[in-house]
Amino acid sequence: MADRKATLQIDGQSIELPVLSGTAGYDVVDVRTLGKHGYFTFDPGFLATGSCESKITYIDGEKGILLHRGYPIDQLATQADYLEVCYMLLHGEAPNKSQYRDFKTTITKHTMVHQGLHNFFNGFRRDAHPMAMLCAVTGALSSFYHDDLDIHDEKQRLRSAYRLIAKMPTIAAMAYKFSIGQPFVYPKNDLSYSENFLNMMFSVPAEDYKVNPVIAKAMDRIFTLHADHEQNASTSTVRLAGSSGANPYACIAAGVASLWGPAHGGANEACLRMLKEIGSVDNIPRYIEKAKDKDDPFRLMGFGHRVYKNFDPRATVMRESAHEVLKELNIDDPLLDVAMELERIALEDDYFVEKKLYPNVDFYSGIILKAIGIPTNMFTVIFALSRTVGWISHWHEMMGEANQKIGRPRQLYTGEAQREFKPLSD
(Lines give C-alpha, C1' and ligand atoms only; values in the text may rest on other atoms or scores of the structure.)
Protein backbone atom coordinates (compact mmCIF):
# COMPACT_ATOMS: atom_id res chain seq x y z
CA MET A 1 0.00 0.00 0.00
CA ALA A 2 1.11 3.55 -0.68
CA ASP A 3 1.99 5.69 2.33
CA ARG A 4 1.44 8.97 0.50
CA LYS A 5 -1.62 10.42 -1.18
CA ALA A 6 -2.11 13.00 -3.91
CA THR A 7 -5.22 15.13 -3.63
CA LEU A 8 -7.02 16.29 -6.77
CA GLN A 9 -9.38 19.25 -6.32
CA ILE A 10 -11.92 19.59 -9.12
CA ASP A 11 -15.37 21.23 -9.19
CA GLY A 12 -15.48 21.32 -5.43
CA GLN A 13 -14.72 17.61 -5.24
CA SER A 14 -11.65 16.28 -3.42
CA ILE A 15 -10.24 13.02 -4.77
CA GLU A 16 -7.42 11.19 -3.02
CA LEU A 17 -5.06 9.12 -5.19
CA PRO A 18 -2.26 6.86 -3.90
CA VAL A 19 1.36 7.75 -4.73
CA LEU A 20 3.45 4.65 -5.51
CA SER A 21 7.24 4.35 -5.47
CA GLY A 22 9.36 1.88 -7.41
CA THR A 23 12.94 0.75 -6.93
CA ALA A 24 14.16 3.66 -9.07
CA GLY A 25 12.72 6.41 -11.24
CA TYR A 26 9.77 8.73 -10.83
CA ASP A 27 7.03 8.13 -8.29
CA VAL A 28 3.65 7.55 -9.90
CA VAL A 29 0.15 8.70 -9.05
CA ASP A 30 -2.24 5.73 -9.11
CA VAL A 31 -5.27 6.98 -11.07
CA ARG A 32 -7.08 3.65 -11.42
CA THR A 33 -10.02 4.81 -9.29
CA LEU A 34 -10.39 8.14 -11.08
CA GLY A 35 -13.04 6.79 -13.46
CA LYS A 36 -15.42 6.16 -10.57
CA HIS A 37 -15.48 9.92 -10.02
CA GLY A 38 -16.29 10.67 -13.65
CA TYR A 39 -12.81 11.55 -14.89
CA PHE A 40 -9.95 10.00 -16.91
CA THR A 41 -6.44 11.27 -17.54
CA PHE A 42 -5.48 12.54 -21.00
CA ASP A 43 -1.94 11.65 -22.10
CA PRO A 44 -1.44 11.20 -25.88
CA GLY A 45 1.56 8.98 -26.51
CA PHE A 46 1.46 7.84 -22.85
CA LEU A 47 4.50 10.04 -22.15
CA ALA A 48 3.54 10.55 -18.50
CA THR A 49 1.65 7.31 -17.92
CA GLY A 50 2.97 4.11 -16.38
CA SER A 51 1.11 1.31 -18.16
CA CYS A 52 2.41 -1.55 -16.05
CA GLU A 53 4.65 -2.67 -13.22
CA SER A 54 7.82 -4.44 -14.38
CA LYS A 55 11.05 -5.84 -12.96
CA ILE A 56 12.88 -6.29 -16.27
CA THR A 57 14.47 -3.07 -17.56
CA TYR A 58 15.09 0.40 -16.14
CA ILE A 59 16.11 3.49 -18.10
CA ASP A 60 17.16 6.91 -16.82
CA GLY A 61 17.57 8.95 -19.97
CA GLU A 62 18.83 12.04 -18.17
CA LYS A 63 21.76 10.14 -16.64
CA GLY A 64 22.37 7.74 -19.53
CA ILE A 65 21.49 4.63 -17.52
CA LEU A 66 20.15 1.36 -18.94
CA LEU A 67 19.80 -1.61 -16.61
CA HIS A 68 18.57 -5.13 -17.39
CA ARG A 69 17.49 -6.86 -14.16
CA GLY A 70 19.73 -4.33 -12.38
CA TYR A 71 22.84 -5.03 -14.46
CA PRO A 72 24.35 -2.09 -16.47
CA ILE A 73 24.15 -2.62 -20.21
CA ASP A 74 27.84 -1.88 -20.82
CA GLN A 75 28.84 -4.67 -18.41
CA LEU A 76 26.47 -7.12 -20.07
CA ALA A 77 27.68 -6.24 -23.57
CA THR A 78 31.36 -6.69 -22.67
CA GLN A 79 31.23 -9.49 -20.09
CA ALA A 80 28.31 -11.69 -21.19
CA ASP A 81 27.02 -13.10 -24.45
CA TYR A 82 23.55 -12.68 -25.88
CA LEU A 83 22.20 -15.99 -24.60
CA GLU A 84 23.30 -15.13 -21.05
CA VAL A 85 21.31 -11.89 -21.38
CA CYS A 86 18.34 -13.83 -22.78
CA TYR A 87 18.34 -16.17 -19.79
CA MET A 88 18.62 -13.25 -17.39
CA LEU A 89 15.79 -11.26 -18.99
CA LEU A 90 13.50 -14.30 -18.89
CA HIS A 91 14.39 -15.67 -15.48
CA GLY A 92 15.42 -12.58 -13.51
CA GLU A 93 18.94 -13.64 -12.58
CA ALA A 94 22.18 -14.26 -14.48
CA PRO A 95 22.67 -17.99 -15.06
CA ASN A 96 25.31 -20.09 -13.35
CA LYS A 97 27.45 -22.36 -15.53
CA SER A 98 25.10 -25.35 -15.52
CA GLN A 99 22.01 -23.19 -16.11
CA TYR A 100 23.75 -21.46 -19.01
CA ARG A 101 24.86 -24.77 -20.51
CA ASP A 102 21.36 -26.23 -20.33
CA PHE A 103 19.75 -23.06 -21.70
CA LYS A 104 22.23 -22.82 -24.58
CA THR A 105 21.66 -26.48 -25.43
CA THR A 106 17.88 -25.99 -25.43
CA ILE A 107 18.07 -22.95 -27.71
CA THR A 108 20.50 -24.70 -30.05
CA LYS A 109 18.25 -27.76 -30.35
CA HIS A 110 15.26 -25.58 -31.31
CA THR A 111 16.85 -23.52 -34.11
CA MET A 112 15.38 -25.75 -36.84
CA VAL A 113 11.95 -24.80 -38.18
CA HIS A 114 9.27 -27.20 -39.38
CA GLN A 115 9.79 -28.07 -43.04
CA GLY A 116 6.21 -27.02 -43.74
CA LEU A 117 7.16 -23.48 -42.77
CA HIS A 118 9.38 -23.30 -45.86
CA ASN A 119 6.25 -23.35 -48.00
CA PHE A 120 5.09 -20.02 -46.57
CA PHE A 121 7.92 -18.20 -48.30
CA ASN A 122 6.84 -19.43 -51.72
CA GLY A 123 3.68 -17.35 -51.33
CA PHE A 124 5.63 -14.10 -51.19
CA ARG A 125 6.75 -12.03 -54.16
CA ARG A 126 10.48 -12.02 -54.70
CA ASP A 127 10.60 -8.30 -53.94
CA ALA A 128 8.64 -8.59 -50.69
CA HIS A 129 10.19 -6.69 -47.79
CA PRO A 130 11.91 -9.06 -45.33
CA MET A 131 9.94 -7.49 -42.46
CA ALA A 132 6.69 -8.48 -44.20
CA MET A 133 7.91 -12.06 -44.34
CA LEU A 134 9.15 -12.03 -40.75
CA CYS A 135 5.85 -10.66 -39.45
CA ALA A 136 3.74 -13.21 -41.33
CA VAL A 137 5.89 -16.26 -40.63
CA THR A 138 6.27 -15.41 -36.94
CA GLY A 139 2.51 -15.32 -36.52
CA ALA A 140 2.24 -18.58 -38.47
CA LEU A 141 4.40 -20.39 -35.91
CA SER A 142 1.31 -20.77 -33.73
CA SER A 143 -0.18 -23.12 -36.33
CA PHE A 144 2.73 -25.50 -35.78
CA TYR A 145 2.64 -25.43 -31.96
CA HIS A 146 -1.08 -25.15 -31.26
CA ASP A 147 -0.94 -27.98 -28.71
CA ASP A 148 1.42 -25.98 -26.50
CA LEU A 149 -0.36 -22.64 -26.21
CA ASP A 150 -1.82 -22.61 -22.69
CA ILE A 151 -0.74 -19.11 -21.71
CA HIS A 152 -1.62 -19.78 -18.06
CA ASP A 153 0.90 -22.64 -17.84
CA GLU A 154 4.36 -21.23 -17.01
CA LYS A 155 6.17 -24.22 -18.51
CA GLN A 156 4.35 -23.82 -21.82
CA ARG A 157 5.02 -20.09 -21.81
CA LEU A 158 8.75 -20.73 -21.37
CA ARG A 159 8.78 -23.36 -24.10
CA SER A 160 7.20 -20.82 -26.44
CA ALA A 161 9.80 -18.26 -25.38
CA TYR A 162 12.65 -20.68 -26.06
CA ARG A 163 11.23 -21.55 -29.48
CA LEU A 164 10.95 -17.90 -30.46
CA ILE A 165 14.47 -17.01 -29.33
CA ALA A 166 15.84 -20.05 -31.18
CA LYS A 167 13.88 -19.77 -34.42
CA MET A 168 13.85 -16.04 -35.09
CA PRO A 169 17.42 -15.99 -36.51
CA THR A 170 16.52 -18.94 -38.75
CA ILE A 171 13.37 -17.21 -40.04
CA ALA A 172 15.20 -13.90 -40.47
CA ALA A 173 17.94 -15.57 -42.51
CA MET A 174 15.32 -17.41 -44.58
CA ALA A 175 13.64 -14.09 -45.39
CA TYR A 176 16.98 -12.74 -46.60
CA LYS A 177 17.84 -15.82 -48.65
CA PHE A 178 14.41 -15.81 -50.28
CA SER A 179 14.73 -12.13 -51.17
CA ILE A 180 18.01 -12.71 -53.06
CA GLY A 181 16.96 -16.00 -54.66
CA GLN A 182 19.34 -18.27 -52.79
CA PRO A 183 18.48 -21.61 -51.11
CA PHE A 184 17.78 -21.65 -47.38
CA VAL A 185 20.66 -22.63 -45.14
CA TYR A 186 19.93 -24.91 -42.20
CA PRO A 187 21.26 -24.05 -38.73
CA LYS A 188 24.38 -25.77 -37.43
CA ASN A 189 24.51 -26.89 -33.80
CA ASP A 190 28.28 -26.52 -33.47
CA LEU A 191 28.10 -22.75 -33.95
CA SER A 192 27.29 -20.04 -31.42
CA TYR A 193 24.06 -18.04 -31.69
CA SER A 194 25.66 -15.17 -33.64
CA GLU A 195 27.90 -17.47 -35.69
CA ASN A 196 24.91 -19.56 -36.67
CA PHE A 197 22.99 -16.50 -37.84
CA LEU A 198 25.92 -15.28 -39.94
CA ASN A 199 26.35 -18.73 -41.46
CA MET A 200 22.64 -18.94 -42.38
CA MET A 201 22.88 -15.47 -43.92
CA PHE A 202 26.03 -15.84 -45.99
CA SER A 203 26.72 -19.54 -46.51
CA VAL A 204 25.97 -21.08 -49.91
CA PRO A 205 25.96 -24.74 -50.99
CA ALA A 206 28.82 -24.18 -53.43
CA GLU A 207 31.40 -23.39 -50.75
CA ASP A 208 31.88 -23.30 -47.00
CA TYR A 209 31.50 -20.02 -45.12
CA LYS A 210 34.09 -19.32 -42.45
CA VAL A 211 32.73 -17.13 -39.67
CA ASN A 212 35.09 -14.29 -38.75
CA PRO A 213 35.27 -14.12 -34.91
CA VAL A 214 35.47 -10.31 -34.96
CA ILE A 215 32.25 -10.15 -36.98
CA ALA A 216 30.56 -12.75 -34.75
CA LYS A 217 31.50 -10.76 -31.65
CA ALA A 218 30.13 -7.56 -33.15
CA MET A 219 26.88 -9.31 -34.15
CA ASP A 220 26.49 -10.75 -30.65
CA ARG A 221 26.87 -7.24 -29.22
CA ILE A 222 24.27 -5.88 -31.63
CA PHE A 223 21.88 -8.58 -30.39
CA THR A 224 22.68 -7.77 -26.75
CA LEU A 225 22.41 -4.01 -27.08
CA HIS A 226 18.97 -4.31 -28.71
CA ALA A 227 17.59 -7.05 -26.44
CA ASP A 228 15.18 -4.82 -24.51
CA HIS A 229 14.41 -1.15 -24.00
CA GLU A 230 11.61 -0.94 -21.45
CA GLN A 231 8.06 0.13 -22.44
CA ASN A 232 8.66 1.37 -25.98
CA ALA A 233 6.07 1.23 -28.76
CA SER A 234 6.67 -2.38 -29.83
CA THR A 235 6.97 -3.75 -26.28
CA SER A 236 3.77 -1.95 -25.31
CA THR A 237 2.15 -3.42 -28.42
CA VAL A 238 3.17 -6.93 -27.35
CA ARG A 239 1.79 -6.34 -23.87
CA LEU A 240 -1.47 -4.91 -25.19
CA ALA A 241 -1.94 -7.80 -27.61
CA GLY A 242 -1.07 -10.27 -24.86
CA SER A 243 -3.57 -8.70 -22.47
CA SER A 244 -6.38 -10.08 -24.65
CA GLY A 245 -5.09 -13.63 -24.18
CA ALA A 246 -3.59 -13.89 -27.68
CA ASN A 247 -0.99 -16.60 -28.18
CA PRO A 248 2.70 -15.60 -27.84
CA TYR A 249 3.50 -15.97 -31.56
CA ALA A 250 0.69 -13.59 -32.49
CA CYS A 251 1.91 -11.15 -29.83
CA ILE A 252 5.48 -11.21 -31.09
CA ALA A 253 4.22 -10.77 -34.68
CA ALA A 254 2.40 -7.66 -33.41
CA GLY A 255 5.68 -6.45 -31.94
CA VAL A 256 7.40 -6.99 -35.29
CA ALA A 257 4.70 -4.95 -37.02
CA SER A 258 5.09 -2.09 -34.55
CA LEU A 259 8.88 -2.13 -34.83
CA TRP A 260 8.59 -1.91 -38.62
CA GLY A 261 7.52 1.72 -38.36
CA PRO A 262 10.26 4.16 -39.38
CA ALA A 263 9.82 6.17 -36.18
CA HIS A 264 10.75 3.10 -34.14
CA GLY A 265 12.90 0.37 -35.67
CA GLY A 266 14.17 2.09 -38.77
CA ALA A 267 16.68 4.46 -37.19
CA ASN A 268 19.86 2.69 -38.32
CA GLU A 269 18.40 2.32 -41.81
CA ALA A 270 17.73 6.06 -41.79
CA CYS A 271 21.39 6.63 -40.86
CA LEU A 272 22.50 4.79 -44.00
CA ARG A 273 20.09 6.80 -46.15
CA MET A 274 21.56 9.98 -44.67
CA LEU A 275 25.12 8.83 -45.44
CA LYS A 276 24.08 8.12 -49.03
CA GLU A 277 22.55 11.60 -49.28
CA ILE A 278 25.78 13.21 -48.05
CA GLY A 279 27.70 11.05 -50.52
CA SER A 280 31.30 11.97 -49.79
CA VAL A 281 33.56 13.45 -47.12
CA ASP A 282 33.87 16.64 -49.19
CA ASN A 283 30.14 17.31 -48.75
CA ILE A 284 30.16 16.98 -44.96
CA PRO A 285 30.82 20.68 -44.08
CA ARG A 286 27.77 21.75 -46.08
CA TYR A 287 25.55 19.19 -44.39
CA ILE A 288 26.90 20.11 -40.95
CA GLU A 289 25.82 23.68 -41.59
CA LYS A 290 22.42 22.48 -42.76
CA ALA A 291 22.06 20.47 -39.53
CA LYS A 292 22.87 23.57 -37.46
CA ASP A 293 20.34 25.70 -39.36
CA LYS A 294 17.00 25.58 -37.51
CA ASP A 295 15.15 26.58 -40.67
CA ASP A 296 16.63 23.73 -42.73
CA PRO A 297 14.62 20.46 -42.65
CA PHE A 298 17.79 18.33 -42.85
CA ARG A 299 18.61 16.42 -39.67
CA LEU A 300 21.61 14.27 -38.87
CA MET A 301 20.26 10.80 -38.17
CA GLY A 302 21.95 8.67 -35.51
CA PHE A 303 23.00 11.59 -33.33
CA GLY A 304 21.37 12.21 -29.97
CA HIS A 305 18.46 10.09 -28.74
CA ARG A 306 14.82 10.67 -27.85
CA VAL A 307 15.22 8.87 -24.53
CA TYR A 308 18.85 9.55 -23.62
CA LYS A 309 19.37 13.26 -23.00
CA ASN A 310 22.99 12.83 -21.98
CA PHE A 311 24.50 9.93 -23.91
CA ASP A 312 23.35 6.55 -25.13
CA PRO A 313 25.07 4.02 -22.82
CA ARG A 314 24.92 1.41 -25.59
CA ALA A 315 26.84 3.60 -28.03
CA THR A 316 30.20 3.38 -26.26
CA VAL A 317 30.31 -0.40 -26.62
CA MET A 318 28.93 -0.30 -30.15
CA ARG A 319 31.54 2.28 -31.15
CA GLU A 320 34.30 -0.07 -30.04
CA SER A 321 32.84 -2.88 -32.14
CA ALA A 322 32.37 -0.62 -35.16
CA HIS A 323 36.03 0.35 -35.17
CA GLU A 324 37.09 -3.29 -34.65
CA VAL A 325 35.00 -4.41 -37.63
CA LEU A 326 36.24 -1.65 -39.93
CA LYS A 327 39.85 -2.39 -38.98
CA GLU A 328 39.37 -6.13 -39.48
CA LEU A 329 37.69 -5.86 -42.88
CA ASN A 330 39.69 -2.86 -44.17
CA ILE A 331 36.83 -1.91 -46.47
CA ASP A 332 37.20 0.83 -49.07
CA ASP A 333 33.72 2.33 -48.93
CA PRO A 334 33.07 6.08 -49.33
CA LEU A 335 29.97 5.90 -47.11
CA LEU A 336 31.94 4.39 -44.24
CA ASP A 337 34.50 7.16 -44.70
CA VAL A 338 31.65 9.67 -44.38
CA ALA A 339 30.44 7.94 -41.23
CA MET A 340 33.85 8.05 -39.55
CA GLU A 341 34.35 11.71 -40.38
CA LEU A 342 30.88 12.56 -39.07
CA GLU A 343 31.72 10.72 -35.87
CA ARG A 344 34.96 12.72 -35.45
CA ILE A 345 33.17 16.02 -35.96
CA ALA A 346 30.30 15.14 -33.59
CA LEU A 347 32.75 14.28 -30.80
CA GLU A 348 34.77 17.49 -31.24
CA ASP A 349 32.49 20.23 -32.61
CA ASP A 350 31.25 22.62 -29.89
CA TYR A 351 27.72 22.66 -31.34
CA PHE A 352 27.30 18.88 -30.99
CA VAL A 353 29.10 18.66 -27.65
CA GLU A 354 27.02 21.46 -26.08
CA LYS A 355 23.76 19.95 -27.29
CA LYS A 356 24.98 16.44 -26.39
CA LEU A 357 24.30 15.20 -29.91
CA TYR A 358 26.62 12.23 -29.62
CA PRO A 359 26.51 9.29 -32.04
CA ASN A 360 24.00 6.74 -30.73
CA VAL A 361 23.71 2.96 -31.00
CA ASP A 362 21.80 3.20 -34.29
CA PHE A 363 24.64 5.13 -35.91
CA TYR A 364 27.24 2.51 -35.03
CA SER A 365 25.07 -0.55 -35.63
CA GLY A 366 24.23 0.75 -39.11
CA ILE A 367 27.93 1.11 -39.87
CA ILE A 368 28.65 -2.44 -38.68
CA LEU A 369 25.78 -4.03 -40.59
CA LYS A 370 26.75 -2.25 -43.80
CA ALA A 371 30.40 -3.25 -43.38
CA ILE A 372 29.39 -6.89 -42.87
CA GLY A 373 27.41 -6.80 -46.10
CA ILE A 374 23.87 -6.85 -44.75
CA PRO A 375 21.45 -4.82 -46.93
CA THR A 376 19.52 -1.97 -45.33
CA ASN A 377 16.14 -3.72 -45.71
CA MET A 378 17.43 -6.36 -43.27
CA PHE A 379 18.44 -3.89 -40.55
CA THR A 380 15.02 -3.81 -38.86
CA VAL A 381 14.73 -7.59 -39.21
CA ILE A 382 17.92 -7.99 -37.16
CA PHE A 383 16.55 -5.49 -34.65
CA ALA A 384 13.40 -7.59 -34.37
CA LEU A 385 15.16 -10.88 -33.79
CA SER A 386 17.33 -9.16 -31.15
CA ARG A 387 14.31 -7.64 -29.41
CA THR A 388 12.29 -10.88 -29.41
CA VAL A 389 13.69 -11.89 -26.02
CA GLY A 390 12.66 -8.53 -24.54
CA TRP A 391 9.17 -8.80 -25.98
CA ILE A 392 8.63 -12.37 -24.80
CA SER A 393 10.08 -11.57 -21.36
CA HIS A 394 7.56 -8.77 -20.87
CA TRP A 395 4.77 -11.01 -22.16
CA HIS A 396 5.81 -13.81 -19.79
CA GLU A 397 6.01 -11.38 -16.86
CA MET A 398 2.57 -9.95 -17.64
CA MET A 399 0.92 -13.36 -18.06
CA GLY A 400 2.26 -14.39 -14.67
CA GLU A 401 0.39 -11.59 -12.90
CA ALA A 402 -2.55 -12.73 -10.78
CA ASN A 403 -4.87 -9.84 -11.69
CA GLN A 404 -3.82 -9.20 -15.28
CA LYS A 405 -6.50 -7.24 -17.17
CA ILE A 406 -7.14 -6.60 -20.84
CA GLY A 407 -5.81 -3.24 -22.02
CA ARG A 408 -8.52 -0.68 -22.68
CA PRO A 409 -7.23 2.89 -23.15
CA ARG A 410 -9.76 5.71 -22.86
CA GLN A 411 -10.24 8.71 -25.13
CA LEU A 412 -11.24 12.34 -25.17
CA TYR A 413 -14.19 12.29 -27.57
CA THR A 414 -14.49 15.40 -29.76
CA GLY A 415 -16.91 14.13 -32.42
CA GLU A 416 -20.58 14.95 -32.94
CA ALA A 417 -22.98 14.78 -30.00
CA GLN A 418 -25.96 12.43 -30.32
CA ARG A 419 -28.18 13.31 -33.28
CA GLU A 420 -30.99 11.80 -35.33
CA PHE A 421 -30.19 9.72 -38.42
CA LYS A 422 -32.21 10.41 -41.59
CA PRO A 423 -32.77 7.55 -44.07
CA LEU A 424 -31.68 8.14 -47.67
CA SER A 425 -35.34 8.15 -48.72
CA ASP A 426 -35.81 11.37 -46.72
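Residues numbered from 1 in each chain as written. Predicted model: local features only at pLDDT ≥ 70, side-chain atom pairs only at ≥ 80, totals over all residues. Heavy atoms only, no water.

**Notes on the overall build of the protein**
Part 1: Looking only at helices and strands, the protein features 17 helices and six strands.
Part 2: For 426 residues, the compact-globule estimate of 2.2 N^0.38 gives 22 Å, and the C-alpha radius of gyration of the protein, at 24 Å, lies within 12% of that figure.
Part 3: Taking the principal axes of its C-alpha atoms as reference, the protein extends roughly 75 × 65 × 60 Å.
Part 4: A buried classification covers 45% of the 426 residues belonging to the protein.
Part 5: Element-wise, carbon and sulfur atoms account for 50% of the exposed surface of the protein, whose accessible area totals about 22,300 Å².
Part 6: For the protein, the distance from the average position of its 46 positive side-chain charges to the average position of its 53 negative side-chain charges is 4 Å. (Helix = DSSP H or I, 4+ residues; strand = E, 2+ residues; numbered from the N terminus. Rg over C-alpha atoms; globule rule 2.2 N^0.38 Å. Buried < 20%, exposed > 50% of the residue type's maximum accessible area, 1.4 Å probe, protein only. Areas by Shrake-Rupley, 256 points an atom, 1.4 Å probe, with all protein chains shown as cover. Lys, Arg positive; Asp, Glu negative; His and termini not counted. Charge placed at Lys NZ, Arg CZ, Asp CG, Glu CD.)

**Observations concerning the side chain of Thr57**
Part 1: Checked against the element boundaries, Thr57 lands in strand β4 (residues 57-60).
Part 2: Side chain to side chain, Thr57 and His68 meet in a polar contact 3.0 Å long.
Part 3: Reaching out from Thr57, the side chain makes a polar contact with the side chain of Asp228 at a distance of 2.4 Å.
Part 4: Thr57 has contacts with Leu66, Leu67, His68, Leu89, Asp228, His229 and Glu230, leaving out every residue within four places of it along the chain. (Polar contact = N/O pair within 3.5 Å; in protein donor to acceptor, adjacent residues only side chain to side chain. Contact = heavy atoms within 4.5 Å.)

**Looking at unusual backbone geometry**
Part 1: Unusually for a residue other than glycine, Phe46 sits at a positive phi of about 55°.
Part 2: Topologically, Phe46 is positioned in the loop between β3 (28-29) and β4.
Part 3: Here Phe46 falls in the exposed class, since its relative accessible area comes to 55%.
Part 4: Even without glycine at this site, Asn330 takes up a positive phi of about 50°.
Part 5: Examined against the element boundaries, Asn330 turns out to sit in the loop between α13 (313-329) and α14 (334-348).

**Quick word on the domain arrangement of the protein**
Part 1: Each assigned domain of the protein is listed with its residue range as follows: domain 1 (5-50) and domain 2 (71-401).
Part 2: Between the C-alpha centres of domain 1 and domain 2 the distance comes to 36 Å. (Domains from an automatic or database assignment.)

**Focus: the environment of Asp81**
Part 1: Structurally, Asp81 is set in the loop between α1 (73-79) and α2 (82-91).
Part 2: The exposure class assigned to Asp81 is partly exposed, which follows from its relative accessible area of 24%.
Part 3: In this structure the C-alpha to C-alpha distance between Asp81 and Tyr193, which are 112 residues apart in sequence, comes to 9.2 Å.
Part 4: Other than its neighbours up to four places away in sequence, Asp81 contacts Tyr100, Asp220 and Thr224.
Part 5: A polar side-chain atom of Asp81 sits 2.4 Å from a polar atom in the side chain of Tyr100.

**Some words on the pairing of β4**
Part 1: Looking at chain direction, β4 and strand β5 (residues 65-68) are connected through four bridges and run antiparallel. Of the residues in β5, the one forming a bridge with Thr57 is His68.
Part 2: Counting the residues that bridge the hairpin from β4 to β5 gives four residues, and of these Gly64 lies at a positive phi of roughly 70°. (Pairing = 2+ DSSP bridges.)

**What to know about the sheet that holds strand β1 (residues 4-10)**
Part 1: Read across the open sheet, the three strands follow the order β1-β2-β3; overall the sheet is antiparallel. The open sheet has two free edges, formed respectively by β1 and β3, since each of these has just one partner strand.
Part 2: Pairing geometry for β1 and strand β2 (residues 13-20), over seven bridges, is antiparallel. Bridge assignment links Leu8 to a residue of β2, and that residue is Ile15.

**Let's talk about the side chain of Arg157**
Part 1: If you trace the backbone, Arg157 turns up in helix α6 (residues 154-180).
Part 2: Setting aside residues no more than four positions away along its own chain, Arg157 makes contact with Asp150, Ile151, His152, Trp395, His396, Met399 and Gly400.

**Some remarks on the sheet that holds β5**
Part 1: Strand order in this open sheet of three strands is β4-β5-β6, and the pairing throughout is antiparallel. Every other strand in the sheet has two partners, leaving β4 and β6 (71-72) as the edge strands with one partner each.

**Quick word on helix α10 (residues 248-259)**
Part 1: Compared with the 16 Å implied by 1.5 Å per residue over 12 residues, the 16 Å span of α10 between its first and last C-alpha is a close match.
Part 2: Listing the buried residues of α10 in full gives Pro248, Tyr249, Cys251, Ile252, Ala253, Gly255, Val256 and Leu259.
Part 3: Where α10 is buried, its residues contact α5 (130-140), α6, α9 (233-242) and α17 (379-399).
Part 4: Sitting at the amino-terminal end of α10 is Asn247, which places a side-chain oxygen 2.9 Å from the backbone nitrogen of Tyr249. (Expected span 1.5 Å × (residues − 1).)

**Let's talk about the UniProt feature "active site" (unreviewed entry) in the protein**
Part 1: Following the UniProt record, the feature "active site" (unreviewed entry) maps to His305 and Asp362 here. Spanning 58 residues, the named residues form one tight spatial group whose C-alpha atoms are at most 9.5 Å apart.
Part 2: Assignment of secondary structure puts His305 in the loop between α12 (284-292) and α13.
Part 3: Assessed through its relative accessible area of 22%, His305 is described here as partly exposed.
Part 4: If we ignore the near neighbours within four places in the chain, the residues touching His305 are His229, Asp312, Arg314 and Asn360.
Part 5: When you line up the elements, Asp362 lands in helix α16 (residues 361-372).
Part 6: Among residues more than four places away in sequence, those in contact with Asp362 are His226, Ala267, Asn268 and Cys271. (UniProt positions renumbered as here; feature names shortened; annotations may be inferred.)

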